[in-house]
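So the chains spell out like this:
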Amino acid sequence: MNTQRTTQEWQALDAAHHIHPFSDMGALNRAGSRVIVRGEGVYLWDSEGHQIMDGMAGLWCVNVGYGRKELADAAARQMQELAYYNTFFKTTHPAVIELSRLLAEVTPPGFEHFFFTNSGSEGNDTIIRMVRRYWDIIGQPERKVIISRHNAYHGSTVGAASLGGMDYMHSQGGLPIPDIEHIDQPYWYAEGGDLSPEAFGLKVARQLEEKILAVGPERVAAFIGEPFQGAGGVIFPPDSYWPEIQRICRQYGILLVADEVIGGFGRTGHWFASQHFGIEPDLMTIAKGMTSGYIPMGGVAISRRVADPLINEGGDFNHGLTYSGHPVAAAVAIRNIGILREEGIVERVMNDTGPYFQRCLKEALADNPLIGEVAGTGLVAGMQLTRNKATRELFPNRGEVGLLCRDFCFANNLIMRATGERMLLSPPLVISRSEIDELVSRAQHCITLTARKLGMV
Ligand SMILES: *Cc1c(COP(=O)(O)O)cnc(C)c1O
């Protein structure tokens, strides 16, 4: 590979041959993409030599930070020993066995079985098929409907995007597929009106019961939700929300699915975000932090309730991917989980860096008129942009102010994401206290520049 091109050459070739995900390619090609060439710890470098602080851990995934030689070594060793073999036809291999055993240790009690994919989207597609297969085996094949939420993100394949609640995705490609229903999201700041957060949390949770009754309880298979919404804006539900959702799922016997693709592997200071919210899902989608993004891998964690009939009564489950349980991905995941454990990274997020980050960020933005709330726990935070703190008024052109702020971040070598009217941070879990100081002060600076541009300060 030629690594010696100029930035202009890279950009011209990128524009000529590469279609980016979720991008307006015409506009991007005119502006030119930023070319990232190297990463170390919480920093990236672009082809112009700028050092950039990555406040997003890539796309919520580089939990152990960039440049970990142990992960490269694990991949190289596995490639030389057994680069590939499938697990379809009565075969298995040590890497996938060891990873499954390890996942049984780090997931909450009751999760003993794992199905592997290459991505979170495929994990959620697997969930759709597995949930429906479960009810077939149980003898209730009419249970097909899966209930999700507006503004949920569950991935970009046909199935996962259908589960998701992004209208701008549904409008392209004729989604959602049949038997997917959506209820409102627990986004109190924007949609809670005059209700208290607790009352609003109960209200939107009870929409699940209303939807179950409207669809017909005998037709509902499962409810799926991200414990906190990630791509939807790092929206943390009111405390009343999850207990009520879980209660309703149990009352109607439907499966509770937690999409842990962002929340899993330490983001909240727990191994899984379900533990932060005190919920006990039947299935969990996993990906991203499982390999810290060093190699693609996703999957489904399956509790006994689903695993037992699937294994003992179901016969063939007609689902699988060429690379399910890929040995190299499995080897990287094993080492990545090893690093998270050996270095006590998850505990540090819980007891030290997480609380420190939350405190510093809240203090830095408390008096900023543009920021209505800072939501989060551990090393993930969503900052609400508001036109009026007292009335929780949103900006009329949804998203524009976020993009303005993101432009300031771009110019100041900080990666902070904008979603609608929220700014998001989700740094690598290895971030140190002094790096948190830098992250918070850069974020504060960019938000202040935005507020100044809007004439608010
Ligand atoms: C990123 C994400 C997905 C999709 O994962 P991919 O690996 O991009 O397919 C699914 N669910 C959640 C919550 C995500 O954040």
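Up top you'll find the structure we're talking about.
Keep in mind it's a predicted model, so treat the numbers as computed, not measured.

(A) Quick look at the site of the ligand. Neighbouring the ligand are the residues Ser119, Gly120, Ser121, Asn124, Tyr153, His154, Gly155, Glu226, Asp259, Val261, Ile262 and Lys288. The separation between an oxygen atom of the ligand and a polar main-chain atom of glycine 120 is 2.9 Å. At 3.5 Å, a backbone N or O of tyrosine 153 approaches a nitrogen atom of the ligand. Summarising the interface, the protein chains cover 83% of the accessible area of the ligand, which totals 390 Å² for the free molecule.

(B) Just the pattern of salt bridges, in detail. Counted according to the given criterion, the structure contains 20 salt bridges. With a shortest N-O distance of 2.8 Å, glutamate 70 and arginine 68 are connected by a salt bridge. Look at arginine 68 and you get buried, because its relative accessible area is 15%. Put simply, glutamate 280 and arginine 250 hold a salt bridge, and the shortest N to O gap is 3.5 Å.

(C) Geometry of the nonpolar core. By size, the foremost hydrophobic cluster in this structure holds 71 residues, and its most contacted members are Leu103, Phe265, Phe357, Leu361, Met383 and Met416. Residue-level mapping places this core at the junction of two domains, with at least three residues from each of domain 1 (34-64 + 344-453) and domain 2 (70-342). Non-local contacts of methionine 383, meaning those with residues more than four positions away in its chain, are made with Leu361, Leu365, Ile371, Glu373, Val374, Met416, Glu421, Arg422, Met423, Leu424, Leu425 and Ile447. Formed by 36 residues, the second largest nonpolar core is a distinct cluster that contains Trp188, Val204, Phe223 and Ala273.

(D) The arrangement of the sheet that holds strand E5 (residues 145-149) in detail. Here we have seven strands laid out as an open sheet, ordered E4-E10-E9-E8-E7-E5-E6, and mixed in their pairing. A single partner strand is all that each edge strand has here, and the edge strands are strand E4 (111-117) and strand E6 (180-183). Adjacent strand axes in the sheet meet at a mean angle of 25°, parallel and antiparallel pairs treated alike. Both strand E9 (residues 283-286) and strand E10 (residues 298-303) contribute to a ladder of four bridges, which runs antiparallel. From the neighbouring strand, leucine 283 faces E10, where its bridge partner is isoleucine 302. The strands touched by helix H6 (residues 120-138) within the sheet are E4, E5, E6, strand E7 (220-225), strand E8 (255-259), E9 and E10, with E9 carrying the most contacts at an inclination of about 160°.

(E) Region of the structure containing the environment of phenylalanine 317. You can see phenylalanine 317 is positioned in the loop between helix H13 (304-312) and helix H14 (327-342). C-alpha of phenylalanine 317 to C-alpha of arginine 133: the two residues are 184 residues apart in sequence and 7.7 Å apart in space. Non-local contacts of phenylalanine 317, meaning those with residues more than four positions away in its chain, are made with Phe115, Arg129, Met130, Arg133 and Leu310.

(F) Seen up close, the packing of aromatic side chains. Summed over all chains, the structure comprises 14 aromatic pairs. Consider the rings of tyrosine 43 and tryptophan 45, whose centres lie 6.5 Å apart with planes at 50°: the pair is tilted. For tyrosine 43, a relative accessible area of 12% puts it in the buried group. For tryptophan 45, a relative accessible area of 17% corresponds to the buried category. Ring centres of tyrosine 134 and tryptophan 135 lie 4.9 Å apart, and the angle between their planes is 75°; on these two criteria the pair is classed as edge-to-face. Judged by its relative accessible area of 6%, tyrosine 134 falls in the buried class. Taking the relative accessible area as the measure of exposure, tryptophan 135 reaches 3% and is therefore buried. Among the aromatic residues, those joined into a cluster by ring pairs are Tyr84, Tyr85 and Tyr323. Positioned over the ring face of tyrosine 356 is arginine 433, at 4.2 Å from the centre of the ring.

(G) How the structure looks around the pairing of strand E12 (residues 380-385). Of all six residues making up E12, six are buried, and the element is well covered by its neighbours. Every second residue of E12 is oriented toward a common face, with Val380, Gly382 and Gln384 on one face and Ala381, Met383 and Leu385 on the other, all of them buried. In this structure, the hairpin formed by strand E11 (residues 371-377) and E12 is closed by a connection of two residues, where glycine 378 is found at a positive phi of approximately 55°. The pairing of E12 with strand E15 (residues 422-425) spans four bridges and is antiparallel. Looking at E15, one finds that glutamine 384 is bridged to arginine 422.

(H) Expanded view of the side chain of threonine 268. The residue threonine 268 is located in the loop between E8 and helix H12 (273-277) in this model. In terms of polar contacts, threonine 268 uses its side chain to reach the backbone amide nitrogen of histidine 270, at 3.3 Å. The contact partners of threonine 268, leaving out residues within four places of it in the chain, are Phe228, Gly263, Ala273, His276, Val349, Thr377 and Gly378.

(I) A nonpolar patch on the surface, seen in detail. There is a patch of nonpolar side chains on the surface, built from Tyr84, Tyr85 and Tyr323 and spanning about 300 Å² of accessible area. Looking at the secondary structure, you find tyrosine 323 in the loop between H13 and H14. Overall, tyrosine 323 belongs to the partly exposed group, its relative accessible area being 42%.

(J) Main features of helix H15 (residues 345-365). Where H15 bends most, the angle comes to about 45°, and this point is threonine 353, followed within four residues by the proline proline 355. Residues of H15 that are buried make contact with H14, E11, E12, E15 and helix H17 (433-453).

Definitions and limits used
- Residues numbered from 1 in each chain as written.
- Predicted model: local features only at pLDDT ≥ 70, side-chain atom pairs only at ≥ 80, totals over all residues.
- Heavy atoms only, no water.
- Near = heavy atom within 4 Å.
- Polar contact = N/O pair within 3.5 Å; in protein donor to acceptor, adjacent residues only side chain to side chain.
- Areas by Shrake-Rupley, 256 points an atom, 1.4 Å probe, with all protein chains shown as cover.
- Salt bridge = Lys/Arg side-chain N within 4 Å of Asp/Glu carboxyl O.
- Buried < 20%, exposed > 50% of the residue type's maximum accessible area, 1.4 Å probe, protein only.
- Core = buried A, V, L, I, M, F, W, Y, C linked by side-chain atoms within 4.5 Å.
- Domains from an automatic or database assignment.
- Contact = heavy atoms within 4.5 Å.
- Pairing = 2+ DSSP bridges.
- Helix = DSSP H or I, 4+ residues; strand = E, 2+ residues; numbered from the N terminus.
- Axes fitted to C-alpha atoms, helices over the stretch in contact; angles between N-to-C directions.
- Phe/Tyr/Trp six-rings, centres within 6.5 Å; stacked < 30°, edge-to-face > 60°.
- Lys NZ or Arg CZ within 6 Å of the ring centre and 35° of its normal.
- Patch = residues over 30% accessible without salt bridge, like charges linked within 9 Å, V, L, I, M, F, W, Y side chains within 5 Å.
- Bend = angle between axes of the 7 residues up to and from the residue.

None of this, on its own, says anything about what the molecule does.
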